[in-house]
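Letter by letter, the chains look like this.
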Amino acid sequence: METVHFLGQPCHTYGNLPEVGTVAPCYHLTGVDLKEVQCEDFKGKKVVLNIFPSMDTDVCARSVRRFNEEAASMENTVVLCVSMDLPFAMGRFCTLEGIKDVVPASAFRAPLFAQKYGVLMVDGPLAGLLARAVIILDEDRKVIYRELVPEITHEPDYAAALKVIK
């Protein structure tokens, strides 16, 4: 269990983020087309897991836009934007924002993703949603970067994450 905060109020997660140097668990998420988005789909690529509570918040939306602009253009790298949002809402957001370089992936049918990656908030006002985190996997799904953002209303450290990808 890890502790994050929402407007200063402590919230706890189910489990812990995978450690740097370990092989990350495989995942099965849902794309905007309702098809599965699986770890096998990105074999041989670096994967940025941009994890957050909901695209319907300003901070989450900014992280999607920022990774769309920066990390998605990096060679051999895919950015998955993961939340509990329904695939329809994710697709609508990306269409309206002109976001085409990230892969929206819903965890609404994937409770094991939230648990295995240690990002499911189990208490506090956002219980049931995902904590804000960035996890970067290398081409062999080994964790090369992890950040659990301590205050959910803050953005992740983009510079540190992008540095690892380069």
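The following paragraphs examine the structure supplied in this document. In this text the structure is predicted, and so the values were computed from the model without any measurement.

Turning our attention to the overall build of the protein chain. Helices and strands together make up the secondary structure of the protein chain, namely 4 helices and 9 strands. Listing each helix as α and each strand as β along the protein chain from the N terminus yields β-β-β-β-β-α-β-α-β-α-β-β-α. Rg of the C-alpha trace for the protein chain: 14 Å, near the compact-globule value of 15 Å for 166 residues, within the 12% margin. By its C-alpha atoms, the protein chain is 40 × 35 × 30 Å across when sized along the principal axes. Going through the 166 residues of the protein chain one by one, you find that 51% of them count as buried. A sequence separation of at least 24 residues applies to 66% of the contacts in the protein chain between residues at least 6 apart. Carbon and sulfur atoms form 52% of the exposed surface of the protein chain, whose accessible area is close to 7,800 Å². Here the protein chain holds 17 positive side-chain charges and 22 negative ones, and the gap between their average locations is 3 Å.

So, about unusual backbone geometry. Positive phi, normally seen in glycine, also occurs at L34, with a value near 70°. On the secondary structure map, L34 appears in the loop between β3 (28-30) and β4 (36-38). Of note, the phi angle at R141 is positive, near 70°, even though the residue is not glycine. Structurally, R141 can be placed in the loop between β8 (133-137) and β9 (143-148).

In this section: the state of the cysteines. This model, assessed by the stated rule, comprises 1 disulfide. Covalently, C26 is tied to C39 through a disulfide, its sulfur atoms 1.6 Å apart. Across the S-S bond linking C26 and C39, the dihedral sits near -65°, which makes this disulfide left-handed. Here C26, found in the loop between β2 (9-12) and β3, pairs with C39, found in the loop between β4 and β5 (46-51); they are 13 residues apart in sequence, far enough to count as distant. Here C60 stays unpaired: no disulfide links it, and the sulfur of C81, its closest cysteine neighbor, is 10 Å away. C81 provides the cysteine sulfur closest to C94, a residue in no disulfide bond, and the two sulfurs are 6.8 Å apart.

Turning our attention to the nonpolar core. One finds Y27, V82 and F113 to be the most contacted residues of the largest nonpolar core, which totals 33 residues. Among the nonpolar cores identified, the runner-up in size contains 23 residues, and F52, A61, C81 and Y158 belong to it.

With that settled, consider the side chain of T13. Among the secondary structure elements, T13 is positioned in the loop between β2 and β3. The class for T13 is buried, based on a relative accessible area of 1%. Of the polar contacts made by the side chain of T13, one reaches the backbone oxygen of G15; its length is 3.0 Å.

Here the focus is the packing of aromatic side chains. Counting across every chain of the model gives 3 aromatic pairs. Measuring from ring centre to ring centre gives 6.5 Å for Y27 and F113, while their planes differ by 90°; the resulting arrangement is edge-to-face. Taken together, the residues span a long stretch of sequence, with Y27 in the loop between β2 and β3 and F113 in helix α3 (residues 111-116) at a distance of 86 residues. Judged by relative accessible area, which is 3%, F113 ranks as buried. Arranged with centres 4.6 Å apart and planes meeting at 25°, the rings of F113 and Y117 form a pair that is stacked. Here F113 and Y117 have matching classes, each one buried. Of the aromatic side chains, those joined through ring pairs into one cluster are Y27, F113 and Y117.

Cut-offs and rules
- Residues numbered from 1 in each chain as written.
- Predicted model: local features only at pLDDT ≥ 70, side-chain atom pairs only at ≥ 80, totals over all residues.
- Heavy atoms only, no water.
- Helix = DSSP H or I, 4+ residues; strand = E, 2+ residues; numbered from the N terminus.
- Rg over C-alpha atoms; globule rule 2.2 N^0.38 Å.
- Buried < 20%, exposed > 50% of the residue type's maximum accessible area, 1.4 Å probe, protein only.
- Contact = heavy atoms within 4.5 Å.
- Areas by Shrake-Rupley, 256 points an atom, 1.4 Å probe, with all protein chains shown as cover.
- Lys, Arg positive; Asp, Glu negative; His and termini not counted.
- Charge placed at Lys NZ, Arg CZ, Asp CG, Glu CD.
- Disulfide = S-S within 2.5 Å.
- Core = buried A, V, L, I, M, F, W, Y, C linked by side-chain atoms within 4.5 Å.
- Polar contact = N/O pair within 3.5 Å; in protein donor to acceptor, adjacent residues only side chain to side chain.
- Phe/Tyr/Trp six-rings, centres within 6.5 Å; stacked < 30°, edge-to-face > 60°.

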